[in-house]
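# Working through the structure, step by step
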Amino acid sequence: MNSPDSDPLADLWRKPEAPRSEVSACIREQCTRKLQARRGMSTRTRLLASLALSVGLFCMLAWLTRGRTRIDGSFRSALFGAAGWGLVQTAILWVGLATPPGRRCSKSIRLVLAVLTPILFLTYVGFAAPAWVPFHEAMQGHSGTHVVSCGIVGMLFSALITGGVFLLWRGTDPLTPGLTGALVGLVGSVAGGMAIGVGCANQEGWHACFSHGFGALAFTALGWAAGRRLLAP
Amino acid sequence: MTASSADAWLGIAIPRVEAPSVVSTAGMTAEGLMDAYVDGSAEAFDELYRRVSPTLFGYLLRLTRHRERAEDLLQVTFAKVHRARGSYLQGAPVLPWLLAIARRSFLDERRHASSRSEDLSSDGTLPEPRQQDAALSVDLSDALERALDGLPDAYREAIQLTKVAGLSLVEAAEVLNTTETAVKLRIHRGYTQLRKELDSFTRRA
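All figures in this text were calculated on a predicted structure; none of them were measured in a lab.

### Remarks on the overall build of chain B
Regarding its fold elements, chain B presents nine helices and zero strands. For chain B, the succession of helices and strands along the chain, N to C, is α-α-α-α-α-α-α-α-α. The buried share of chain B, taken over its 205 residues, is 45%. Of the roughly 10,400 Å² of accessible surface on chain B, 53% is carried by carbon and sulfur atoms.

Rendered as structure tokens:
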């Protein structure tokens, strides 16, 4: 295989020709007419705002649900879990968004991150559940209704965070907008899932997986589709 | 919170009111020029355009194989760049950034074109198929260009980006939205075909 340094055709490639002068003049006119500074937020500001949005909504839900009766110690372990996943979120934001496109780690690594992290999150939610009941019991009657209502609240919070992060980073990645969008969806859904995990008193396994954890898979997939539209200039 | 800081919080880039800066563009990197352009320097845009437009145009010309379409797409690309300059992240390599926007513009345009059943010329008739130049090319560069035109799109793009536009394998993989290994493979296969074409050309010559 030829390396770029030993290209046998190197001397034969023609230098690319310039576009016609009238085309260039038209483009110049279009791009420099009334040209003013137009600098968006810095990368650091975008990163901090993304984290602040996640933390803010997380704290809000925790505050709103502070009076609920919970299993002993479940609130504290949920908070520890949230802190750990907060670090994961920060790392994903750093690797997938805050590093400028073209200087990020390889696409394969980010792809693995986008596929494995939601699975790991769902697994964590399942393992952290202190009790499991048979599936049919968890999905019928009041428990079933609670799975749906809690899931909707979780999705809503995930959507708020994901939407906010998309807004903060929109138009910043023409290179891999789909993959970056998946990471945005992942970050939003993990934050939303942890928020509802802290806010919800029901820590039963099936409930936790469907209402708190499933959003990570759904939002990663949705983020992929949305990213192609929102993150590409 | 003032109106402008609220806008900044929402990620909306609002043009500032200060006067555009005048900078010396000599010796600046493409990234530096892009930064200066974002800060409102028309001189930086001129220099950036002078440096990157042949590469972008050559790439689009190779994708479209049609000069006027390539010129239209070059305008579309720069219009997008102009609108999106506020979201350019400082430090991002400019050429892959621009090539990715150009490629996306091409793909969008092709998608729209494919939804039309036929392109009609201005007088309403079907366009004539393009005439292939029958004459044997006079030098090896011509033959190479022609052989490159005959390659499958994926091979041609990979070779164009790495050998002509000068991107690294990693950058080309990012622009093409594929892996580095896939780009290497496309270049290798493309080169194998090119070599065959050039061999037959030299035998005929």
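### Some words on unusual backbone geometry
All names here are of chain B. Of note in the backbone geometry, Arg65 takes a positive phi value of approximately 60 degrees without being a glycine. Here Arg65 lies in the loop between α3 (42–64) and α4 (67–84). You will see that Asn177, though not glycine, has its phi angle at about 60 degrees, which is positive. Mapped onto the fold, Asn177 is located in the loop between α8 (169–176) and α9 (180–204).

### Some details on α4(B)
Between its first and last C-alpha, α4(B) extends 25 Å over 18 residues, near the 26 Å set by a 1.5 Å rise per residue. Elements in contact with the buried residues of α4(B): α1 (21–32) of chain A together with α2 (30–38), α3 and α5 (94–115) of chain B.

### Observations concerning the interface of chain B and chain A
Across the boundary between the two partners, chain B contributes 69 residues, which contact 55 residues of chain A. With both chains or domains summed, chain B and chain A bury close to 6,000 Å², and 58% of this area falls on carbon and sulfur atoms. Sorting the residues of chain B by area buried against chain A places Leu89(B), Arg104(B) and Glu174(B) first, and these three jointly supply 12% of that buried surface. Taken together, the links from chain B to chain A amount to five salt bridges. Glu174(B) serves as the salt-bridge partner of Arg110(A), at 3.3 Å between the closest nitrogen and oxygen. For the interface between chain B and chain A, the tally reads 13 residue pairs in polar contact (both at pLDDT 80 or more). For the side of chain B that touches chain A, the class distribution of residues is 35 nonpolar, 17 polar and 17 charged.

### Focus on the environment of Glu180(B)
All names here are of chain B. Within the secondary structure layout, Glu180 lies in helix α9. Between the alpha carbons of Glu180 and Val170 there is a distance of 5.6 Å; along the sequence they are 10 residues apart. Dropping the residues within four chain positions of it, Glu180 is found in contact with Leu169, Val170 and Ala173.

### Section: the nonpolar core
Trp13(A), Met34(B), Phe78(B) and Leu194(B) are the most contacted members of the largest nonpolar core, which totals 62 residues. Here this core spans two domains, since at least three of its residues come from each of domain 1 (1–125) and domain 2 (133–205) of chain B. With residues near it in sequence (within four places) discarded, Leu194(B) still touches Leu9(A), Trp13(A), Leu144(B), Ala147(B), Leu148(B), Leu151(B) and Ile159(B). Among the nonpolar cores identified, the runner-up in size contains 42 residues, and Leu93(A), Phe121(A), Leu168(A) and Leu183(A) belong to it.

### With respect to empty space enclosed by the protein
It is a probe the size of a water molecule, rolled over the atoms, that shows where empty space is left. Residues and elements named next belong to chain A. Across all of its chains, the model carries one cavity of 30 Å³ or more by this definition. Its volume calculated, the largest cavity comes out at about 60 Å³. As for the largest cavity, its lining consists of Gly151, Gly154, Met155, Ser158, Ser189, Gly193, Ile196, Phe210, Ser211, His212 and Gly215. Mapped onto the lining of the largest cavity, the elements with two or more residues apiece are α6 (141–169), α7 (177–199) and α8 (205–230). Here the residues of the lining of the largest cavity are counted per class, giving three nonpolar, eight polar and no charged.

### Focus on the domain arrangement of chain B
Size of an interface: often given as the accessible area lost when the parts come together. All names here are of chain B. Considered domain by domain, chain B is made up of domain 1 (1–125) and domain 2 (133–205). At the junction of the two partners, domain 1 supplies 13 residues and domain 2 supplies 14 residues. Of the roughly 1,200 Å² buried between domain 1 and domain 2 on both sides combined, carbon and sulfur atoms contribute 52%. Summed over the three residues of domain 1 that lose the most area to domain 2, namely Arg62, Arg65 and Arg103, the buried surface amounts to 49% of that side. On inspection of domain 1 and its partner domain 2, the count reaches five salt bridges. On inspection of domain 1 and its partner domain 2, the count reaches eight residue pairs in polar contact (both at pLDDT 80 or more). The set of elements that each furnish at least two residues to the side of domain 1 that touches domain 2 consists of α3 and α5. For the side of domain 1 that touches domain 2, the element with the most residues is α5, which contributes six residues. When its residues are assigned to classes, the side of domain 1 that touches domain 2 shows seven nonpolar, two polar and four charged.

### Observations concerning α5(B)
Compared with the 32 Å implied by 1.5 Å per residue over 22 residues, the 32 Å span of α5(B) between its first and last C-alpha is a close match. Along α5(B), the residues that are buried comprise Val94(B), Pro96(B), Trp97(B), Leu98(B), Leu99(B), Ala100(B), Ile101(B), Ala102(B), Arg103(B), Ser105(B) and Phe106(B).

### Quick look at the side chain of Ser54(A)
Residue and element names in this part refer to chain A. Here Ser54 lies in helix α2 (residues 43–64). According to the relative accessible area criterion, Ser54 is buried, its value standing at 5%. What Ser54 contacts, discounting residues up to four positions off in sequence, is Gln89, Ile161 and Ala191.

Quick notes on the rules
- Residues numbered from 1 in each chain as written.
- Chains lettered and ligands numbered in written order.
- Predicted model: local features only at pLDDT ≥ 70, side-chain atom pairs only at ≥ 80, totals over all residues.
- Heavy atoms only, no water.
- Helix = DSSP H or I, 4+ residues; strand = E, 2+ residues; numbered from the N terminus.
- Buried < 20%, exposed > 50% of the residue type's maximum accessible area, 1.4 Å probe, protein only.
- Areas by Shrake-Rupley, 256 points an atom, 1.4 Å probe, with all protein chains shown as cover.
- Expected span 1.5 Å × (residues − 1).
- Contact = heavy atoms within 4.5 Å.
- Buried area = accessible area lost by both parts, 1.4 Å probe.
- Salt bridge = Lys/Arg side-chain N within 4 Å of Asp/Glu carboxyl O.
- Polar contact = N/O pair within 3.5 Å; in protein donor to acceptor, adjacent residues only side chain to side chain.
- Nonpolar A, V, L, I, M, F, W, Y, C, P; charged D, E, K, R; others polar.
- Core = buried A, V, L, I, M, F, W, Y, C linked by side-chain atoms within 4.5 Å.
- Domains from an automatic or database assignment.
- 1 Å grid on protein atoms, 1.4 Å probe; cavity = no way out; pocket = protein on both sides within 12 Å on 5 of 7 lines; lining within 4 Å.
- Points joined across faces, edges and corners; volume = space filled by probe spheres on them.

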